[in-house]
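# Descriptive structure summary
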Amino acid sequence: MKIYIIGIGLIGGSMALDIKKLHPEATVYGIDSNENHLQEALVLGVVDAGASIEDVVDADFVILSVPVDVALVVLPKVLDVVGKNTIVFEVGSTKAPICEAVSNHPKRRNFIATHPIAGTEFSGPSAAIKGLFEGKTNIICEVERTAFKLQERALDLFKSIGMRIRYMDPNAHDKHIAYVSHLSHISAFMLGKTVINKEKDEQDIFDMAGSGFESTVRLAKSSPAMWTPIFKQNKIQVVETLEEYISNLSHFKDLLVNDDYDAIFEEMESVNRIKEILNGMHAKT
């Protein structure tokens, strides 16, 4: 088995580790525009050897895990090269643009659009961890456009590393993910900015920051190189979610200004049901 990972970071690297555990006989090749990343991945044992896009002609699997703007350019090039038995999947956080980019490619049947809902705030080869995808959901878009035998192989791989499969239209995916992922990252970045700006005048503020602040702002450590293209590609959906979020923040501020603490209590109590929703998600997992 020959596996090619293009972009050896958290997601691609973690998949490589899981595949190597499941298939010790497999050879995992790394392709990365950052030579330091490639060398680090080799030293860490995330990949077995370096390669180039031209080498994927005989690949069993090609995993494209690069920033979403780069994926739009690289995926067609990969499909140009692969053989008829190669399955290619891309794991980015926006799906409509990537599906559209290869919609008319003659080897569209070799591609399966995926989004594993898994990750951490860290990046690069050293962020790769075994078991990252255990119990996580993998969104598959336009599965009917992938050759049946190839999609079967991809789905078997996803399930073998512990992922649950859900099928979704790419536009619906981008709308929903704007709420539960993209907005979360913007909130973390802007909370971090607010505190950093205040910290210029109040050096003690971080001494008072507890676990609540740390967990809320954790996503602000995420890579801007990865997230800026995501916000660009999903701009319309992200703007819509921001407008709703800002409206809710403004409403909360107005309640506070007007000393309407009964309404504040009711607002927070109504949102407390998020615990039931999340508990239900964990129970299904």
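Residues numbered from 1 in each chain as written. Predicted model: local features only at pLDDT ≥ 70, side-chain atom pairs only at ≥ 80, totals over all residues. Heavy atoms only, no water.

### As for the nonpolar core
Ranked by size, the top nonpolar core spans 35 residues in total, and within it I3, V46, I63 and F89 carry the most contacts. Listed by contribution, the elements that provide at least two residues to this core are β1 (2–6), α1 (10–22), α2 (35–44), β4 (61–64), β5 (87–90) and α5 (148–160). Sort the elements by how many residues they give to this core and α1 lands first, with 6 residues. Residue contacts for I63: discarding those within four places in its chain leaves I3, Y4, I5, I6, M15, I19, F89 and V91. (Core = buried A, V, L, I, M, F, W, Y, C linked by side-chain atoms within 4.5 Å. Buried < 20%, exposed > 50% of the residue type's maximum accessible area, 1.4 Å probe, protein only. Helix = DSSP H or I, 4+ residues; strand = E, 2+ residues; numbered from the N terminus. Contact = heavy atoms within 4.5 Å.)

### Topic: the packing of aromatic side chains
The tally for this structure, following the rule as stated, stands at 3 aromatic pairs. Measuring from ring centre to ring centre gives 4.7 Å for Y4 and Y29, while their planes differ by 15 degrees; the resulting arrangement is stacked. Here the residue Y4 occupies a position in strand β1, and Y29 occupies one in strand β2 (residues 27–31), the gap between them amounting to 25 residues. Y29 gets classed as buried once you look at its relative accessible area, which sits at 18%. Ring centres of W227 and F231 lie 5.6 Å apart, and the angle between their planes is 40 degrees; this geometry places the pair in the tilted category. Of this pair, W227 and F231 both sit in helix α8 (residues 224–233), separated by 4 residues, roughly a single helical turn. Among the residues examined, F231 registers a relative accessible area of 21% and is labelled partly exposed. The lysine or arginine in question, R153, covers the ring of F61, its NZ or CZ lying 5.1 Å from the ring centre. (Phe/Tyr/Trp six-rings, centres within 6.5 Å; stacked < 30°, edge-to-face > 60°. Lys NZ or Arg CZ within 6 Å of the ring centre and 35° of its normal.)

### Concerning the sheet that holds β1
Across the sheet, 8 strands lie side by side as β3-β2-β1-β4-β5-β6-β7-β8; this open sheet has mixed pairing. Edge positions in the sheet fall to β3 (49–50) and β8 (164–167), since each of these pairs with one other strand and no more. Sheet topology note: the strand β6 (residues 111–116)/strand β7 (residues 137–141) ladder contains 4 bridges and is antiparallel. Paired with P116 across the bridge in β7 is N138. (Pairing = 2+ DSSP bridges.)

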